[in-house]
Amino acid sequence: MTTSRRTVITAAAAAGLAASAATTGTAHAKSGGDSAGSGGDSAGKGGAVKEHFGTLADGTDVDRWTIENGRTRLRVLSYGGIVQSLEIPDRHGRRANVSLGFDDLDSYVANSPYFGALIGRYGNRIARGTFTLDGKKYQLPINDGPNSLHGGDKGFDKHVWSVEAFRKGADVGLTLRRVSPDGEMGYPGTLTVRVDYTLTAEGDFRIDYEATTDKATVVNLTNHTYYNLAGEGSGSIYNHRLEIAAARYTPVDKTLIPTGELARVAGTPFDFRRTKEIGRDIREAHQQVLYGQGIDHNFVLDKGITSRPEHFLTVTEPESGRVMRIATTEPGAQFYTGNFLTGTFAGTSGKVYRQGDAFALETQHFPDSPNQPSFPSTVLRPGQTYRSTTVHSFSTR
Ligand code: BGC
């Protein structure tokens, strides 16, 4: 792997503020694998470090940005807006990377099951890749059995985003932007998208999504980070203790399309209303667990759609003591237990990823909403602004 050029840009300078406090200099960039908390950044607290990560086959350069605040360090690629690593401390203050990923661009292009990626235009599935809007039928690429998944075969996860660092008060962050042309992956309207990844002074990780369109369309943006709070590559997440404030979920057919029912979780493996281990019921021969090869389902959050992010989930890893709490404005969250990680590739730490080695929690509107009139609408019209916020808070116990 080549040693890359590293530019140090302070968030203040990037935000166009007085550059006098700017930390400048160069450091020997390590290759992408430096994700286990070994430091080496010369920008200091609040600084954003940009380095060359790789080059796509068409010659486009891909950068990796590092930001840090509180005890949290986040690494993001301009390719797919991918969260390459997220480092948080355990109860002894030892940081580890808790998100699955790769240390090189080629693996992301060739192999990635959406590790850390921004998902659009439509997170999750649309049945048979088709929907009708204002009387017009649209056809999207089919890339998951008979359905369209995560925006089609070249979704937002496979595009290079423009990235800028910012500082707002005690927050530091990255703004990612992209304009998705009218008709891209079959979706109508030019969609102008902005995503802010913010680390607060407390080290919380906040994601704000915003989009506008010039024609009626459907939008459902999310992030596909795979978490293992014991550390990426450390084995199964079945011992993590999880609580989700959701009395209902959306059961699916065998192609993982919701049946339209909002079923009660009571008495099923989907009942996480009281804290339980993720693995406790994962081997129950419940039809829905068989369809998902584990849990791969949208939970209907009790809080519903909210204008401000509201808490709905707490997950704890008992050995490290790491705790993640999630709040969102969205009405749903796909809880996916890494069922399709099949030991066919190794991640950042060089360890092979196997089934159940991570979970994803994709805050979202419900899957297949464009075909389900009883679900909250995902339609966006000219003049409206799509907004969605999810906050991940970290602590230890
Ligand atoms: C889906 C899974 C899929 C995974 C990665 C999740 O959001 O629900 O079915 O395998 O993404 O592709």
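These figures come from a predicted structure and were not determined experimentally.

### A closer look at the overall build of the chain
A count of helical and extended segments in the chain gives three helices and 29 strands. If you take every contact in the chain between residues at least 6 apart in sequence, the share linking residues at least 24 apart comes to 66%. Carbon and sulfur atoms make up 47% of the accessible area of the chain, which amounts to about 15,400 Å² in all.

### Comments concerning the UniProt feature "binding site: beta-D-galactose" (unreviewed entry) in the chain
Per the UniProt record, the feature "binding site: beta-D-galactose" (unreviewed entry) sits at Asn124, Arg125, His224, Thr225, Tyr226 and Asp296. Position of asparagine 124 among the secondary structure elements: in the loop between strand 7 (117-119) and strand 8 (125-126). Note on asparagine 124: relative accessible area 2%, which makes it buried. Residues contacting asparagine 124, with those up to four places away along its chain left out, are Ser148, Leu149, His150, Gln334, Gln364 and Pro367. In this structure, tyrosine 226 sits in strand 18 (residues 226-227). Contact partners of tyrosine 226, with chain neighbours within four places excluded, come to Val98, Ser99, Leu100, Pro113, Tyr114, Phe115, Tyr336, Leu341, Ala358 and Phe359.

### Points about the sheet that holds strand 26 (residues 332-336)
Taken together, six strands build an open sheet; the order of strands is 18-27-26-23-20-21 and the sheet is antiparallel. What marks the edges here is a single partner per strand, and that holds for strand 18 and strand 21 (263-264). Relative to strand 23 (residues 296-300), strand 20 (residues 248-250) runs antiparallel, the two sharing three bridges. Looking at strand 23, one finds that tyrosine 249 is bridged to phenylalanine 299.

### Quick word on the packing of aromatic side chains
The final tally for this structure, using the stated rule, is 20 aromatic pairs. Ring geometry for phenylalanine 115 and tyrosine 353: centres 5.5 Å apart, planes at 85 degrees, overall edge-to-face. Here phenylalanine 115 is found in the loop between helix 2 (105-111) and strand 7, whereas its partner tyrosine 353 is found in the loop between strand 26 and strand 27 (359-364), with 238 residues between them in sequence. Each member of the pair, phenylalanine 115 as well as tyrosine 353, is classed as buried. Here tyrosine 227 and phenylalanine 359 contribute two aromatic rings whose centre-to-centre distance is 5.8 Å and whose plane-to-plane angle is 35 degrees, an arrangement assigned as tilted. With tyrosine 227 in strand 18 and phenylalanine 359 in strand 27, this residue pair connects regions lying 132 residues apart in the sequence.

### A closer look at the site of the ligand
Taken together, Pro113, Tyr114, Arg125, His150, His224, Tyr226, Asp296, Gln334, Tyr336, Phe340 and Glu362 form the complete shell of residues around the ligand. Within the side chain of glutamate 362, one N or O atom sits 2.6 Å away from an oxygen atom of the ligand. Relative to its free-state accessible area of 310 Å², the ligand is covered by the protein chains to the extent of 94%. Of the residues in the shell around the ligand, the class split is five nonpolar, three polar and three charged.

### Things to note about the pairing of strand 10 (residues 136-139)
Across four bridges, the pairing between strand 9 (residues 130-133) and strand 10 is antiparallel. Among the inter-strand pairings, phenylalanine 131 is bridged to a residue of strand 10, identified as tyrosine 138.

### A word on the nonpolar core
Among the nonpolar cores identified, the biggest contains 58 residues, and Tyr197, Ile244, Phe299 and Phe335 are the most heavily contacted of them. Looking at this core element by element, the count peaks at five residues for strand 14 (residues 191-199). Counting contributing residues, this core receives three or more from each of domain 1 (6-120 + 150-212) and domain 2 (226-392). Grouped together as the second largest cluster of nonpolar side chains are 22 residues, Leu56, Val62, Ile82 and Ile119 included.

Here is what the cut-offs are and how they apply
- Residues numbered from 1 in each chain as written.
- Predicted model: local features only at pLDDT ≥ 70, side-chain atom pairs only at ≥ 80, totals over all residues.
- Heavy atoms only, no water.
- Helix = DSSP H or I, 4+ residues; strand = E, 2+ residues; numbered from the N terminus.
- Contact = heavy atoms within 4.5 Å.
- Areas by Shrake-Rupley, 256 points an atom, 1.4 Å probe, with all protein chains shown as cover.
- UniProt positions renumbered as here; feature names shortened; annotations may be inferred.
- Buried < 20%, exposed > 50% of the residue type's maximum accessible area, 1.4 Å probe, protein only.
- Pairing = 2+ DSSP bridges.
- Phe/Tyr/Trp six-rings, centres within 6.5 Å; stacked < 30°, edge-to-face > 60°.
- Near = heavy atom within 4 Å.
- Polar contact = N/O pair within 3.5 Å; in protein donor to acceptor, adjacent residues only side chain to side chain.
- Nonpolar A, V, L, I, M, F, W, Y, C, P; charged D, E, K, R; others polar.
- Core = buried A, V, L, I, M, F, W, Y, C linked by side-chain atoms within 4.5 Å.
- Domains from an automatic or database assignment.

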